[in-house]
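Below, each chain spelled out in residue letters.
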Amino acid sequence: MAYLSQTGEVLLSQSKAIRVPDYYIERPEEAIQEIRAVLGDFHPLLAAMDMAIHSAWAAGQGHPLHRIWQIEAKNAPPSSFTIALDTPERMVERLEFSGDYPILKIKLGGQDDVTRLKAIRQATTKTLRVDANEGWDRQTARWWIERLPDWNVDLVEQPLPRGDREGLLELNRINKGRIPIILDESVHISRDIPGILGTCDGINIKLAKCGGLLEARKMIHLAREHGLRIMGGCMLESSVGITAAAHLAPFVDFVDLDGAALLADDPFDGVWFEKGQVRFPDRPGLGVVFRGNPHDIFGE
Ligand SMILES: [Mg+2]
């Protein structure tokens, strides 16, 4: 998460402070809470530990985590596939990589957004979602939310910068839920939820932002209590993170778990997607396996 200055090097040095004794694996929630207390805001690292602990806990019982949690993959909405912000021509070219994903998430937030969306809308009949990534000002955001429903766009993500609470309140008031406004950068953990009430229709929950499955499940409960809609999202990440996040997919309204599909060389095998529908491997724990030689990552 470079946008929070949490690079791989920083996280690796923090990870050396943590040791997970074997007995903790029998009590995953307790272990994760204690590690959270040590790590503070290092949420991506906490997420990695949370995934490892949940996986070890389930594998210790000899079962896939999705079976222990009685996850029904068929209840998950289909995932979208992201088209990164680029020139309109290159974004249209990228459409061919979306394969059989039925929904496209289009990154906007630049000067040529109308040209971009028009070109993409003409090139595909798939459902579109728009993620402005904080890239619009108030006037632009207002212009877009009044027009997006006419473009067969079914939601808009983070239309304004995370700090512009007044702008988001006003935008949400004007929109009246016509097109769901989902906040991503504005909301990291459950503690952020009370502060965004009234400014949106829903939130994007990501394991790397919130610190893992334990916190994400807490966020889902809290968001539902407040009548918020939920997107289950991801960063650009391997099948480890995507497989863990897929365990929440049946409990959200919008799934955006294409992080591993966007990698040129995913080092892991885990969940896969057919027409955007998640499929779980039948292996103990998270069911993730490393494709290559562990020494390439961990050394001798
Ligand atoms: Mg986003």
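Going by the structure above, here's the rest.
Note that this is a predicted model, so its numbers are computed, not measured.

**As for helix 2 (residues 28-39)**
With 12 residues, helix 2 ought to run about 16 Å at 1.5 Å a step, and its terminal C-alpha atoms sit 16 Å apart, in line with that. Here helix 2 has its buried residues at Pro28, Ala31, Ile32, Ile35 and Leu39. All buried residues of helix 2 project into a common sector of 95° when viewed along the axis, lining one side. Tucked into the core, helix 2 has its buried residues touching helix 1 (8-15), helix 3 (43-60) and helix 11 (213-225).

**What about the coordination of the magnesium ion?**
Distances from the magnesium ion to its protein donors, namely Asp131 (OD), Glu157 (OE) and Asp184 (OD), fall within the range 2.1 to 2.3 Å. Taken in sequence order, the residues that donate to the magnesium ion follow the motif D-x25-E-x26-D. In this pair, Glu157 sits in strand 4 (residues 153-157) while Asp184 sits in the loop between strand 5 (181-183) and helix 9 (193-196), placing the two residues 27 residues apart along the sequence. Looking at Glu157, the relative accessible area reads 0%, which means it is buried.

**Re unusual backbone geometry**
Residue Gln70 is not a glycine yet carries a positive backbone phi of 55°. Its place among the elements puts Gln70 in the loop between helix 4 (65-68) and strand 1 (80-83). Of the residues examined, Gln70 reaches a relative accessible area of 68% and is grouped as exposed.

**Regarding the nonpolar core**
One finds Ile106, Leu117 and Ile203 to be the most contacted residues of the largest nonpolar core, which totals 67 residues. The leading source of residues in this core is helix 11, at 5 residues. The two domains that each donate at least three residues to this core are domain 1 (2-67) and domain 2 (71-279). Residues within four places of Leu117 in sequence aside, it is in contact with Ile106, Leu128, Val130, Trp144, Leu148, Trp151 and Val153.

**Comments concerning the packing of helix 2 against helix 3**
Packing of helix 2 against helix 3 leaves a shortest axis separation of 10 Å and a crossing angle of 165°. When the axes of helix 2 and helix 3 are compared, the pair comes out roughly antiparallel. Pair helix 2 / helix 3 crosses with right-handed handedness. In this structure, helix 2 contributes Pro28, Ala31, Ile32, Ile35, Arg36 and Leu39 to the contact, and helix 3 contributes His43, Leu45, Leu46, Met49, Asp50, Ile53, His54 and Trp57.

What counts and how
Residues take numbers from 1 onward in each chain, read along the sequence in its written order. Whole-chain, interface and lining totals are the exception, using all residues; otherwise, since this is a predicted model, local features are given only for residues with pLDDT of at least 70 and side-chain atom pairs are given and counted only at 80 or more. Side-chain figures throughout are based on the complete set of non-hydrogen atoms in the structure, without hydrogens or water. Each helix is a run of DSSP H or I of at least 4 residues and each strand a run of E of at least 2, with the numbering of both proceeding from the N terminus. Expected span of a helix, by definition, is 1.5 Å for each gap between consecutive residues, and there is one gap fewer than residues. The classification of residues rests on relative accessible area computed with a 1.4 Å probe and restricted to protein chains. Under 20% of the type maximum is buried, over 50% is exposed, and intermediate values are partly exposed. Arc definition: it is the arc formed by the directions from the helix axis to the C-beta atoms. We call two residues in contact whenever any of their non-hydrogen atoms come within 4.5 Å of each other. A donor here means any N, O or S atom no more than 2.8 Å from the metal (3.2 Å for Na, K and Ca); water is not included, so a site may seem to lack partners. The definition of a nonpolar core used throughout is a set of buried Ala, Val, Leu, Ile, Met, Phe, Trp, Tyr and Cys residues joined through side-chain atoms within 4.5 Å. Domain delimitation follows an automatic or database domain assignment. Lines fitted to C-alpha atoms define the axes, with helix axes restricted to the stretch in contact, and inter-axis angles between N-to-C directions lie between 0 and 180 degrees. By the definition adopted for this analysis, an angle is roughly parallel if under 35 degrees, roughly antiparallel if over 145, roughly perpendicular if from 65 to 115, and oblique otherwise. Helix crossings fall into two classes, left-handed where the near helix is turned counterclockwise from the far one by less than a right angle and right-handed where it is turned clockwise.

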